[in-house]
Amino acid sequence: MKIIARLSFPALWLLTAACGDSQKLQTGSGPSGGTVVIATTAEPDALFPPITATLQGRQVTELLFDNLAQVGPEMNTLGDEGFAPRIAQSWKWAADSLSIAFMLDPAAAWHDGRSVRASDVVFSFGIYTDATVGSPVAAQLTQIDSISAPDSTTAVVWFKRKYPRQFFDAASQMLILPEHVYSAPRDSVTRRAAGRTPVGSGRFRFGTWKRSESITLLADTSNYRGRPGIDRVQFVVAPEFTTALTKFLTGEADVFEALRPENLAEISTRPGLKAVRLPGMAYVFMQFNLRDPKNPGRPHPVFSNKSLRKALSMAVNRDAMVRNVFDSLAGVALGPTVRSYPTTPKSLPSISFDSAKARQVLDSLGWRDSNGDGVRERNGRDLTFSVLVPNSSKSREQMAVLIQEQLRQVGVKVTIESLDFPALMQRQSERDFDTMLWAWQLTPSPSGLRQTWASSSSRVKSGSNFGSYENPHFDALVDSALAEFNPERSKQLFSRAYNVIIEDAPAIWLYEPETVIGIHGRIRTTRMRPDAWWLSIADWTIPENERIPRDRIPAGK
């Protein structure tokens, strides 16, 4: 295999070392079996991979479907070093590096028994890149020209140009779909998929989905990559944080991935429970909508002004808020990146807390409290806005209350709209909001910046740049960083891009939480990838003498 480059950053030591806690739960021995119940505060938005946009949707679909090859625990995305074969058992680069031929595993099969074919890979690329489907992943695939299938077990990916993350884009951005299941007119394929049982090639097959209650996946006992170590994975939906936590503490659930500081003391007193800490791979922010939600063709009457956005950022004491809500389990967010990312520089500029200066800037912009009611106004308009918050996130609800109070102290009135997840997603997709508390879970590749903050992603309905931030200088720096083969030079370009967006203040960068997962001690886990701990579930085991009654159920055929 030809390797373009090998990732070698000091930050990767942190990622590997931080996985040490999970290594303490060694893989068990004995026959396969048992159930892992995962408590989650929201259910998936969809189980059709091209349009899945939520963390919960990713967790389920990435157990049901396979990539051509999967990023390894070190999260290298340069060249093909460390990638694990999935549907593709091997690959070969062309001499000019403008194509990669993937040789499919002849044993790979869909859950309905039909063989995986190269034409399925061609079909999947067509679905992901079709504008009528509107996949948010399409922005990551723009440098792939086409995919061909010279025979039933060979898929050739053709590129428009050479760039460092060609292999990652070709092998890991798409989950491969069965053409015979999802083939339909492109304008109706997502509607057809929503009404069908998901059929993938992953080591778990679909069982049941009881809406607002649970999703059950069954072991695919004859899977081409081997039978999973457990019989069943069940995601139990509990929208309230306290309810989800209680399910874990009382043994109704075996895993809960959103532990908070005050939970750790209690877990330490329970011999059967463990807390696994992984580096944070998500950042939470208050996003400003830079377009008028009532008339998207016009700038937002308040937030289109960069000086005002920066003043609001100055008025928020992020250090104090993060300590208040998380203690030591989160840090103040740097920007649209996280500290453990290889492309993140050691330091980045920030808009520091300075309420006095915030008041001065607001005064200079003409926002003054002329009538003494505590709220600034200008030209007859109060300086007031709403913030959308998912009610499934207790920490974001707490953070919203703290922001509301701190902005009140500088004469800004904030109304909190706490919505259930589907309602918030609807408002978000329609760009119908002033601000919202949102989070992005990063993938191994920094190319996700194009999807979440690039100008091109603000102009299409399928784009994830919901606040409509646009800066051609930022776009150019990100493009240059992603095209740069030299890791240090790429890191410098990313640093310059981060500087630009932080100065533009399209959001208040709030916090970067650690991933703290509660796991029952009877479960023997394996090494977890920091950005996607669930990918290793098929290799988890439960010793036969430690399985509890709910585990005694039939596995998938």
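Report follows, based on the coordinates. Fair warning: this is a prediction, and the values are worked out from it, not measured in the lab.

Turning our eyes to something else, we now look at the packing of aromatic side chains. Enumeration over the complete set of coordinates arrives at 24 aromatic pairs. Centre to centre, the rings of Phe-285 and Trp-453 are 5.4 Å apart; their planes meet at 55 degrees, and the pair counts as tilted. Within this pair, whereas Phe-285 is found in strand 13 (residues 282-288), its partner Trp-453 is found in helix 15 (residues 448-453), the two being separated by 168 residues in sequence. Here Phe-285 matches Trp-453 in class, with each residue buried. Each ring, one from Phe-494 and one from Tyr-498, has its centre 6.1 Å from the other, and the planes form 25 degrees; the classification is stacked. Taken together, the residues Phe-494 and Tyr-498, both in helix 18 (residues 487-504) and four residues apart, mark about one turn of the helix. Taken individually, Phe-494 and Tyr-498 each receive the classification buried, so the pair is uniform in this respect. Here the aromatic cluster, defined as three or more aromatic residues joined through ring pairs, consists of Tyr-283, Phe-285, Trp-453, Tyr-469, Phe-474 and Trp-509. Geometry around Trp-209 places Arg-211 over its ring, the cationic atom sitting 3.6 Å from the centre. Of note, Arg-260 hangs over the ring of Phe-241, and the distance from its end group to the ring centre comes to 4.9 Å.

Where strands meet in a sheet, backbone hydrogen bonds hold them as pairs that are either parallel or antiparallel. Pairing is mixed across the open sheet formed by six strands, whose spatial order is 16-22-13-21-19-20. The open sheet terminates on both sides in strands that have one partner only, identified here as strand 16 (330-332) and strand 20 (413-419). Mean inter-strand twist for the sheet, computed between neighbouring axes without regard to direction, equals 25 degrees. As paired strands, strand 19 (residues 384-390) and strand 21 (residues 435-441) are joined by two bridges and run parallel to one another. Paired with Leu-388 across the bridge in strand 21 is Met-436. Set on the sheet, helix 10 (residues 306-314) makes contact with strand 13, strand 19 and strand 22 (507-513); between it and strand 22 the angle comes to about 40 degrees. Packed on one face of the sheet, helix 13 (residues 394-408) meets strand 13, strand 19, strand 20, strand 21 and strand 22 and runs near 165 degrees to strand 20.

Attention shifts here to the pairing of strand 19. Counted residue by residue, strand 19 has six buried out of seven residues, so it is predominantly covered. Taken together, the seven bridges between strand 19 and strand 20 define a ladder with parallel strand orientation. Along strand 20, the bridge assignment pairs Val-387 with Ile-416.

Time to look at unusual backbone geometry. Located in the positive-phi region is Met-75, a residue other than glycine, with phi close to 60 degrees. Mapped onto the fold, Met-75 is located in the loop between strand 2 (69-70) and strand 3 (84-85). Classification of Met-75 as buried rests on a relative accessible area of 2%. Positive phi values are uncommon outside glycine, yet Arg-431 reaches one of about 55 degrees. Of note, Arg-431 is situated in the loop between helix 14 (421-429) and strand 21. Residue class for Arg-431 comes out buried when judged on its relative accessible area of 13%.

Now for the side chain of Ser-455. Its location among the elements puts Ser-455 in helix 16 (residues 455-458). For Ser-455, a relative accessible area of 3% gives the class buried. In this structure the side chain of Ser-455 is engaged in a polar contact, spanning 3.4 Å, whose partner is the backbone nitrogen of Asn-471. Not counting the four nearest positions on each side in its chain, Ser-455 is found in contact with Asn-465, Tyr-469, Glu-470, Asn-471 and Asp-475.

The next point concerns the pattern of salt bridges. Applying the stated criterion to the full structure yields 24 salt bridges. Note that Arg-527 is salt-bridged to Glu-74, the shortest N-O span being 3.1 Å. Within this pair, whereas Arg-527 is found in the segment after strand 23 (515-520), its partner Glu-74 is found in the loop between strand 2 and strand 3, the two being separated by 453 residues in sequence. Classification of Glu-74 as partly exposed rests on a relative accessible area of 33%. One salt bridge connects Glu-417 with Arg-427, and the closest N-O pair in it is separated by 3.2 Å. Of this pair, Glu-417 sits in strand 20 while Arg-427 sits in helix 14, and the two are ten residues apart along the sequence.

Cut-offs and rules
- Residues numbered from 1 in each chain as written.
- Predicted model: local features only at pLDDT ≥ 70, side-chain atom pairs only at ≥ 80, totals over all residues.
- Heavy atoms only, no water.
- Phe/Tyr/Trp six-rings, centres within 6.5 Å; stacked < 30°, edge-to-face > 60°.
- Helix = DSSP H or I, 4+ residues; strand = E, 2+ residues; numbered from the N terminus.
- Buried < 20%, exposed > 50% of the residue type's maximum accessible area, 1.4 Å probe, protein only.
- Lys NZ or Arg CZ within 6 Å of the ring centre and 35° of its normal.
- Pairing = 2+ DSSP bridges.
- Axes fitted to C-alpha atoms, helices over the stretch in contact; angles between N-to-C directions.
- Contact = heavy atoms within 4.5 Å.
- Polar contact = N/O pair within 3.5 Å; in protein donor to acceptor, adjacent residues only side chain to side chain.
- Salt bridge = Lys/Arg side-chain N within 4 Å of Asp/Glu carboxyl O.

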